[in-house]
Amino acid sequence: MILRKSLVAAALATAIITAPIAAALTSPAAFAEQQQAKGTVYILATGGTIAGAAKSATQTTGYKAGALGVQTLIDAVPRMKDYAKIEGEQIANIGSQDMTTDIWLKLAKRINELLKRDDVTGVVITHGTDTLEETAYFLNLVVKSDKPVVMVGAMRPATAISADGPMNLLDAVRVATDPESKGRGVLVALNDTINAARANTKTNTASLQTFSSPEVGAVGMITGGKVRYYRQVEREHTTKTPFDVSKLDKLPRVDIIYTHVSDDGVMADAAVAAGAKGIVSAGSGMGSIHKDTYPALEKAIAKGVVVVRSNRTGSGFVDAAQQWKDCVTADNLNPQKARILLQLALTQTSDPKKIQEMFDKY
Ligand code: ASP
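Residues numbered from 1 in each chain as written. Predicted model: local features only at pLDDT ≥ 70, side-chain atom pairs only at ≥ 80, totals over all residues. Heavy atoms only, no water.

Student: Can you explain the sheet that holds strand β11 (residues 254–258)? Please cite residues and give values.
Tutor: Strand order in the open sheet made by the four strands is β11-β12-β13-β14, with parallel pairing throughout. In the strand order of this sheet, the two ends are held by β11 and β14 (328–329), each with one partner. Here strand β13 (residues 306–311) runs beside β14; their pairing, made up of two bridges, is parallel. Across the sheet, residue Arg309 finds its bridge partner in β14, namely Thr329. (Pairing = 2+ DSSP bridges. Helix = DSSP H or I, 4+ residues; strand = E, 2+ residues; numbered from the N terminus.)

Student: I'd love a proper account of the sheet that holds strand β1 (residues 40–47), names of residues and values included.
Tutor: In space, the eight strands of this open sheet follow the order β2-β1-β3-β4-β5-β6-β9-β10, with mixed pairing throughout. What marks the edges here is a single partner per strand, and that holds for β2 (85–94) and β10 (226–229). Direction aside, neighbouring strands of the sheet carry axes that sit 25° apart on average. The pairing of strand β9 (residues 220–223) with β10 spans four bridges and is antiparallel. Counted as the bridge partner of Thr223 is Lys226 from β10. Contacts between helix α6 (residues 165–177) and the sheet are confined to β1, β2, β3 (120–126), β4 (149–152), β5 (186–190), β6 (193–196), β9 and β10, with β3 contributing the most and set at about 150° to the helix. (Axes fitted to C-alpha atoms, helices over the stretch in contact; angles between N-to-C directions. Contact = heavy atoms within 4.5 Å.)

Student: Kindly report on the pairing of β10, identifying the contributing residues and their values.
Tutor: Across the two faces of β10 the burial differs, with Val227 and Tyr229 buried and Lys226 and Arg228 not buried at all. In this antiparallel pair of consecutive strands, β9 and β10, the connection spans two residues, and Gly224 shows a positive phi of 55°. (Buried < 20%, exposed > 50% of the residue type's maximum accessible area, 1.4 Å probe, protein only.)

Student: For unusual backbone geometry, give the residues involved together with the corresponding values.
Tutor: One non-glycine residue, Ser162, adopts positive backbone phi at about 55°. Following the sequence through the fold, Ser162 ends up in the loop between β4 and α6. With relative accessibility at 52%, the residue Ser162 sits in the exposed group. Backbone geometry at Asp192 places phi at a positive 70°, although glycine is not the residue there. Taking relative accessible area as the criterion, Asp192 reaches 35% and is therefore assigned partly exposed.

Student: Got a sec to walk through the packing of aromatic side chains? Specific residues and values, please.
Tutor: One pair of aromatic rings is described through two measures. These are the centre distance and the angle between the planes. Across all of its chains, the model carries three aromatic pairs by this definition. Here the aromatic rings of Trp104 and Phe138 are separated by 4.6 Å at their centres, their planes lie at 10°, and the arrangement is stacked. Pair noted here: Trp104 is in helix α4 (residues 101–115) and Phe138 is in helix α5 (residues 132–142), with a separation of 34 residues, a long-range link. Phe138 sits in the buried class, given a relative accessible area of 0%. With 5.8 Å between their ring centres and 70° between their planes, Phe243 and Tyr362 make a pair best called edge-to-face. (Phe/Tyr/Trp six-rings, centres within 6.5 Å; stacked < 30°, edge-to-face > 60°.)

Student: Quick rundown of the side chain of Thr129? Include the residues and the values.
Tutor: Note on placement: Thr129 falls in the loop between β3 and α5. Of the polar contacts made by the side chain of Thr129, one reaches the side chain of Lys202; its length is 2.8 Å. (Polar contact = N/O pair within 3.5 Å; in protein donor to acceptor, adjacent residues only side chain to side chain.)

Student: Before we move on, can you summarise the site of the ligand with the specific residues and values?
Tutor: Gly48, Thr49, Gly95, Ser96, Gln97, Gly128, Thr129, Asp130 and Ala154 make up every residue found near the ligand. Between the ligand and the protein, one listed contact pairs an oxygen atom with a side-chain N or O atom of Thr49 at 2.9 Å. For the ligand, a nitrogen atom lies 3.0 Å from a polar atom in the side chain of Gln97. Within the complex, the protein chains bury 90% of what would otherwise be the 260 Å² of accessible surface of the ligand. Class assignment of the residues belonging to the shell around the ligand gives a composition of one nonpolar, seven polar and one charged. (Near = heavy atom within 4 Å. Areas by Shrake-Rupley, 256 points an atom, 1.4 Å probe, with all protein chains shown as cover. Nonpolar A, V, L, I, M, F, W, Y, C, P; charged D, E, K, R; others polar.)

Student: Go over the pattern of salt bridges, please, and point to the residues and values.
Tutor: Inspection of every chain in the model, using the stated rule, returns 14 salt bridges. Here Arg235 ties to Asp331 by a salt bridge, and the two come within 2.8 Å at their closest N and O atoms. On the criterion of sequence distance, the pair formed by Arg235 in the loop between β10 and β11 and Asp331 in the loop between β14 and α9 (335–346) is long-range, its members being 96 residues apart. Linking Asp255 and Arg253 is a salt bridge whose minimum nitrogen-to-oxygen distance equals 2.8 Å. A relative accessible area of 17% places Asp255 in the buried class. A single network of salt bridges, built from pairs that share partners, joins Glu89, Arg110 and Glu113. (Salt bridge = Lys/Arg side-chain N within 4 Å of Asp/Glu carboxyl O.)

Here it is, written out as structure tokens:
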């Protein structure tokens, strides 16, 4: 505990000492850019490794995620103030493997409230990387603003040598204050890379370069302190979706069934028994399902459960040629994201045709 405190104190002291030196070295162009900075960026903290603390500076696994508060994260990166007035709020302080619908709804409602204010330029959300992609896609579907919403995390705890959190946080604020970030939906800034919420996924358990967008690629980079975009986000999001969280206090239950050799439908039966209104099949290959699972899915569909066919390969699409019964096909949404869209879709309709239209659009 004492060691942990002294490590955090050391990190803060380094940040405080280096800030004036770095300011003195700022180029005229960067200085002019900083002077143009205005508005407030809210950092909404939810925990994760970016707020994680370990027993030693060399420990990078087995640490406690969500150990430090939002003000500690802000104090460690004074240069963020060059871009905006920084305000912090603690929404939760958890490892993101424990993320819940309640926290999602609280977060989404707070973001929508904040972004209505003229003085707020954008929002940055600090989050564990494990389920960051899910929160990003949920917010991408329910935030009602064009202003930047940027998610950020870290792969090394705040106490580690070369912790990646502080630079990632500064980059996230750079993205949130860049006018070019508007209208791109929720963005994820980590390790110099900007990915869009729909395509972004965690691809490695430990590497700093864990987030990528299989098939479609990243939307931009943060290099030399500058935000650079290279492509647009085509699928509709935020203000263009019909999903309204202001009226929601829970989401329908949707379970994911992971296909495997000798899959016999037991998990599908269990999901229905638990009250699932939807099932996402993480099929093998192009959404293929074991023959012994079909009877259980057929029973589920007969009870009005909506089945979406996604795939477990990590990339690629499942198209209408894989149609079976009235199943919905997930396009190239991975199972965990297909689950979120199905949950939101089920707040509006349980008609598989209408839900398919949503999967073709968002
Ligand atoms: N288990 C951590 C979390 O998701 C991992 C991380 O943040 O990188 O909160």
